[in-house]
Amino acid sequence: MVTISLCMIVKNEEKVLRRCLGSLADIVDEIIIADTGSSDSTKEIALEYTSNVYDFKWTGDFAEARNFVASKATKEYIYTADADEYLDEENREKLKRLKQILLPEIEIVQMLYCTPEELSTVYNFEKEHRVKLYKRVRNFTWIDPIHETLRTDPVVYDSDIEIQHRPLSNHAPRDLGAMAALSKSGKRLSKKLHHMYAMELFRSGSDNDFCEAAPAFIQTMEQDDRSMDEVKEALCVLARFCRIKGDLAGFFSYALKDAVTEPSAETCCELGMYYENAGNYNEAMIWYQNALTETESILDIRTSGVIPQAGIERCRLGLGNGQA
């Protein structure tokens with residue numbers, strides 16, 4: 001049977017921490033918690049479950065905090081959890097069984113992260129695999145019978161364990177503010193963060209969030225080594241930004257740049273919204289229909305489903321009221 005260290009970073013989580021720790025405490029072999037500045041009873045609750053509670057001065061870097069708490073772990077595997085998630089009884093039993101049978105060559109275990117759509121600020125599906133359990137110390141092995149080389153790709157197991165994610169509040173303002181601050185600092189967003197930023201804008205961003213984000217995505221368009229994925233994401237964000245600002249020249253420039261490649265559902269919806277707001281319902285319906293049946297979403301799955309469906313219905317009502 002493998003051994004597991006539960007590693008968490010927390011701040012002001014008194015309302016949910018017991019739920020999380022109570023679902024895991026009898027399964028893991030040690031619990032390590034870094035508190036990043038709680039002003040409620042979070043630390044006191046953590047100390048009910050473990051003496052390994054550390055103060056960590058928050059730097060604005062989640063990865064730095066994760067690395068700190070992981071550095072305190074001593075067991076074979078590290079399980080990462082946020083305070084607003086937990087395992088129900090069925091999935092507690094699944095994790096217990098996994099702990100008994102996990103093969104030593106498996107280095108990463110992904111679990112299904114389950115967030116109801118109304119609570120999701122980024123992800124497009126109610127269930128998505130995420131890395132939750134990973135080997136603390138990685139062993140490298142040689143592979144291939146000739147021209148042998150070290151295996152560098154991790155051995156990943158996609159489990160059917162479902163983690164219930166139930167935040168008590170929307171994290172989007174915090175996350176969007178942090179990404180805006182990161183881009184303003186002059187640091188270039190990684191490809192992953194670039195994608196996450198664009199996704200969270202379309203899933204949860206306000207008009208002001210798009211305005212705050214625009215410089216980062218303008219910078220993307222100016223970079224010679226940008227990837228096509230980053231370009232497509234930037235075009236979607238900037239088309240929305242220009243539509244918000246009433247910059248028609250900019251709006252059509254970005255929207256049509258996307259449309260002349262393989263258009264995204266997001267851009268088709270932006271064009272539909274533009275024509276709908278202008279009262280041109282027939283033209284709007286063409287673009288909404290394109291979003292619904294001819295294109296795919298790259299950031300927000302709703303742009304190839306419920307958003308254009310609702311747009312088409314609004315346009316039909318407008319036409320039925322005798323408006324052109």
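One can find the structure itself at the top, above this paragraph.
Residues numbered from 1 in each chain as written. Predicted model: local features only at pLDDT ≥ 70, side-chain atom pairs only at ≥ 80, totals over all residues. Heavy atoms only, no water.

Helix and strand content of the protein chain: 12 helices and 10 strands. Taking the principal axes of the C-alpha coordinates as reference, the protein chain spans close to 70 × 60 × 40 Å. Residues classed as buried in the protein chain amount to 45% of the 324 residues present. A total accessible area of about 16,600 Å² is found for the protein chain, and carbon and sulfur atoms account for 51% of it. Seen as two clouds, the 38 positive and the 54 negative side-chain charges of the protein chain have centres 3 Å apart. (Helix = DSSP H or I, 4+ residues; strand = E, 2+ residues; numbered from the N terminus. Buried < 20%, exposed > 50% of the residue type's maximum accessible area, 1.4 Å probe, protein only. Areas by Shrake-Rupley, 256 points an atom, 1.4 Å probe, with all protein chains shown as cover. Lys, Arg positive; Asp, Glu negative; His and termini not counted. Charge placed at Lys NZ, Arg CZ, Asp CG, Glu CD.)

Tyr197, Leu201, Phe217 and Val237 are the most contacted members of the largest nonpolar core, which totals 43 residues. With nine residues, the single largest contributor to this core is helix α8 (residues 228-245). When sequence neighbours within four positions are dropped, the list of residues in contact with Tyr197 reads Leu176, Met179, Ala180, Leu189, Glu212, Ala213, Ala216 and Phe217. One finds Val2, Ile31, Leu102 and Ile163 within the second-largest nonpolar core, a separate group that totals 32 residues. (Core = buried A, V, L, I, M, F, W, Y, C linked by side-chain atoms within 4.5 Å. Contact = heavy atoms within 4.5 Å.)

Further remarks concern the packing of aromatic side chains. With the rule as written, the count across this model stands at 10 aromatic pairs. Measuring from ring centre to ring centre gives 5.1 Å for Phe251 and Phe252, while their planes differ by 70°; the resulting arrangement is edge-to-face. Given the relative accessible area of 0%, Phe251 is considered buried. Taking relative accessible area as the criterion, Phe252 reaches 22% and is therefore assigned partly exposed. (Phe/Tyr/Trp six-rings, centres within 6.5 Å; stacked < 30°, edge-to-face > 60°.)

It is worth spelling out the packing of α8 against helix α10 (residues 265-277) at this point. The contact between α8 and α10 brings their axes to 9 Å, and the two run at 15°. With respect to their mutual orientation, α8 and α10 come out roughly parallel. Both α8 and α10 take part in a crossing whose hand is left-handed. Seen from α8, the contacting residues are Cys236, Ala239, Arg240 and Arg243; seen from α10, they are Glu266, Thr267, Glu270, Met273, Tyr274 and Asn277. Of the residues that constitute the contact of α8 with α10, the class distribution is four nonpolar, two polar and four charged. (Axes fitted to C-alpha atoms, helices over the stretch in contact; angles between N-to-C directions. Parallel < 35°, antiparallel > 145°, perpendicular 65-115°, else oblique. Left-handed = near helix turned anticlockwise from the far one by under 90°. Nonpolar A, V, L, I, M, F, W, Y, C, P; charged D, E, K, R; others polar.)

Looking at where Pro154 falls in the secondary structure, it is placed in the loop between β9 (149-150) and β10 (156-165). Exposure remark for Pro154: the relative accessible area of 37% places this residue in the partly exposed category. In sequence terms Pro154 and Glu105 are 49 residues apart; their C-alpha atoms lie 9.1 Å from each other. Among all residues touching Pro154, those that are not within four sequence positions of it are Glu107, Ile108 and Arg138.

With that settled, the discussion passes to the sheet that holds strand β6 (residues 108-114). Read across the open sheet, the eight strands follow the order β3-β2-β1-β4-β7-β6-β10-β5; overall the sheet is mixed. The open sheet has two edge strands, β3 (53-55) and β5 (85-86), and neither has a second partner. Here β6 runs beside β10; their pairing, made up of six bridges, is parallel. The partner of Gln110 across the bridge, within β10, is Asp158. Strands in contact with helix α1 (residues 17-24) are β1 (4-10), β2 (30-35), β4 (77-80) and β5; relative to β1, the strand with the most contacts, it is inclined by about 175°. (Pairing = 2+ DSSP bridges.)

Shape descriptors only; they carry no functional weight alone.
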